[in-house]
Amino acid sequence: MGGCPEITKAPDMSLKSSQETGDKNEEEEAVSAPPPPPPPPSVAAAPPCLHANGAVSLARDTTVSFAAVASAGPKLRMRPKDRISYFYDGDVGSVYFGPNHPMKPHRLCMTHHLVLSYELHKKMEVYRPHKAYPVELAQFHSPDYVEFLHRITPDTQHLFSNELAKYNLGEDCPVFENLFEFCQIYAGGTIDAARRLNNQLCDIKCEASGFCYINDLVLGILELLKYHARVLYIDIDVHHGDGVEEAFYFTDRVMTVSFHKFGDMFFPGTGDVKEIGGKEGKFYAINVPLKDGIDDTSFTRLFKAIIAKVVETYQPGAIVLQCGADSLAGDRLGCFNLSVDGHSECVRFVKKFNLPLLVTGGGGYTKENVARCWAVETGVLLDTELPNEIPENEYIKYFAPDYSLKIPRGNIILENLNSKSYLSAIKVQVLENLRNIQHAPSVQMQEVPPDFYIPDFDEDEQNPDERMDQHTQDKQIQRDDEYYDGDNDNDHNMDDA
């Protein structure tokens, strides 16, 4: 995969953003998100100065975040039961990147149906994310780029050859039908997740979203920085997480930690252990370059040693964990030997810190394995062990012939080129860099900027003959029958009706 477009600029943190919306969807069992309470009268950390560099190639391929999860609440305090919010919109999984393109957003539908078939949705609050407004997307991306995404279509792209080259759209990042709506939905899911964490409306947050055209992870981190002095970003995608790293390269407000394949001209070619950040952000970018074939034992041992020290030293207020599934064995574009159990062990380890946590998906191009992995990791975040035999669901044929959550052993064929001495040297270098940082750096504080930007909507001016999309309909519905699992479930008698 080649680079993806990324236009960066220093964000205006005072910009209001749009409100979480979404009505209960009967087929997807989604409920509308209740409006969060007003921001507390406390102060928030001042925004960092982001690296502004014009057009940038994003690190990973166009990726779609799975049922991602975030956990909010008083940090370092055990809770009897996590509150979980799950964002999903089926429209994201229905887009088509074109023939022979390795990105298959359809994997989101497969993941969601596994979540439903294992009845994990009964343990979560399920929402449809709002469509992010252009002003929200422009907190990180240039307004010109956002406006171009809004107007470009497959039928008109031949008129904009210069702009396509400028913004790096083309073979790897194609123009397809409903491209901008696709970006709005996946970015809206990540932004919604961060806001619910900030307002302590959930302990664990799940979403389905995307990545390449709009950097939703940066937008989510910017939201978290309104309430948290320090945010830790962890990336276990097989590709280097250079998009997020570059955005926060010169600030100590965000520490980025990426575990990835490096060398042999592997895309994007960045992520050497020597790349450590700059200026105020020096030593706050941590890269763990790995070779082909790393297995569960080697990966998880290194991951736990480094992340434990990072959390101890940096003391983040919130964590964002990007769980790209292209690091699994047998991925079409990957070269690691991780099993679903090994991959999910990283999620389990990070969850134990009991910090506000937002977990997203990332890359992943063998779609049945992506769905397996993200369903299992949703279960991990719910403290629910899933039976290996996959229940009957709409996509059961994709998991033949074993119909199990385990990746077929035939996928694990690469030799592990990561020797013990190599991994030890990488760990020593990373831990040495951590000794150079200021312990839990403090920041100047300022008033919390508003959370929401909602354009006025006049119901009286709505044309009754004009068909509205599902998101517009959701905004006009006020519901008092949102469901929750347990005593607060207003739908618990529906089966008897």
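Source: prediction; values computed, not measured.

## Digging into the side chain of R196
With respect to the element layout, R196 can be found in helix α6 (residues 179-198). At a separation of 3.3 Å, a polar atom in the side chain of R196 contacts the side chain of Y127.

## Overview of the side chain of N393
Among the secondary structure elements, N393 is positioned in the loop between α11 (367-381) and α12 (420-434). At 3.0 Å, the side chain of N393 forms a polar contact with the backbone oxygen of P391. Within the structure, the side chain of N393 is placed 2.7 Å from the backbone nitrogen of Y395, a separation counted as a polar contact. With residues up to four places along the chain from it excluded, the contact list for N393 reads H113, L114 and S117.

## Description of the pattern of salt bridges
Applying the stated rule across the entire model yields 16 salt bridges. When the shortest N-O distance is used, the salt bridge between K309 and E312 registers 3.7 Å. One end of the pair, K309, and the other, E312, are both in helix α9 (residues 296-314), three residues apart, so they sit about a helical turn from each other. Overall, the relative accessible area of 32% leaves K309 in the partly exposed class. Each of E136, R195, E223 and K226 takes part in one network of salt bridges that share partners.

## Quick look at the state of the cysteines
Evaluated as defined, the whole model comprises zero disulfides. Cysteine C323 shares no disulfide, and the gap to the nearest cysteine sulfur, in C373, comes to 7.1 Å. Of all cysteine sulfurs, the one in C323 lies closest to C346, which takes part in no disulfide; the gap is 7.8 Å.

## Notes on the packing of aromatic side chains
Applying the stated criterion across every chain yields a total of 16 aromatic pairs. Ring geometry for F259 against F299: centres 5.8 Å apart, planes inclined by 55°, an arrangement best described as tilted. With F259 in strand β11 (residues 254-261) and F299 in helix α9, this residue pair connects regions lying 40 residues apart in the sequence. For F259, a relative accessible area of 1% corresponds to the buried category. Take F299: its relative accessible area is 1%, and that puts it in the buried class. Their ring planes at 45° and their centres at 5.1 Å tell us that F259 and F303 sit as a pair that is tilted. Pair noted here: F259 is in strand β11 and F303 is in helix α9, with a separation of 44 residues, a long-range link. Among the aromatic residues, ring-to-ring pairing joins F259, F299, F303, F336, F349 and F353 into one connected group. One residue, K279, lies across the ring of F250, its end atom 5.0 Å from the ring centre. Stacked on the ring of Y422, the Lys or Arg K291 has its end atom at 4.4 Å from the ring centre.

## A few points about the pairing of strand β13 (residues 318-323)
Counting buried residues along β13, six of its six residues qualify, which places the element largely inside the surrounding structure. Here β13 shows two buried faces, one formed by A318, V320 and Q322 and the other by I319, L321 and C323. Two elements, strand β10 (residues 231-235) and β13, share five bridges in a ladder whose sense is parallel. Residue Y233 lies in a different strand from β13, and its bridge partner there is V320. In this structure, β13 lies alongside strand β14 (residues 357-361), joined through five bridges in parallel fashion. Bridge pairing in β14 places I319 opposite L357. A crossover connection joins β13 to the parallel β14 through helix α10 (residues 340-351); in handedness this β-α-β unit is right-handed.

## Some words on α12
The terminal C-alpha atoms of α12 lie 21 Å apart, and with 15 residues this matches the ideal 21 Å at 1.5 Å per residue to within 8%. Three or more residues of α12 are buried, namely L423, I426, V430, N433 and L434. When α12 is viewed along its axis, its buried side chains cluster within an angular range of 105° and face the same direction. Turned more than 90 degrees from where α12 packs its buried face, K420, S421 and V428 sit exposed. Looking at the buried residues of α12, the elements they touch are β11, β12 (285-290) and α9.

Conventions adopted
- Residues numbered from 1 in each chain as written.
- Predicted model: local features only at pLDDT ≥ 70, side-chain atom pairs only at ≥ 80, totals over all residues.
- Heavy atoms only, no water.
- Helix = DSSP H or I, 4+ residues; strand = E, 2+ residues; numbered from the N terminus.
- Polar contact = N/O pair within 3.5 Å; in protein donor to acceptor, adjacent residues only side chain to side chain.
- Contact = heavy atoms within 4.5 Å.
- Salt bridge = Lys/Arg side-chain N within 4 Å of Asp/Glu carboxyl O.
- Buried < 20%, exposed > 50% of the residue type's maximum accessible area, 1.4 Å probe, protein only.
- Disulfide = S-S within 2.5 Å.
- Phe/Tyr/Trp six-rings, centres within 6.5 Å; stacked < 30°, edge-to-face > 60°.
- Lys NZ or Arg CZ within 6 Å of the ring centre and 35° of its normal.
- Pairing = 2+ DSSP bridges.
- Right-handed = clockwise from strand over helix to strand, strands pointing away.
- Expected span 1.5 Å × (residues − 1).
- Arc of directions from axis to C-beta.

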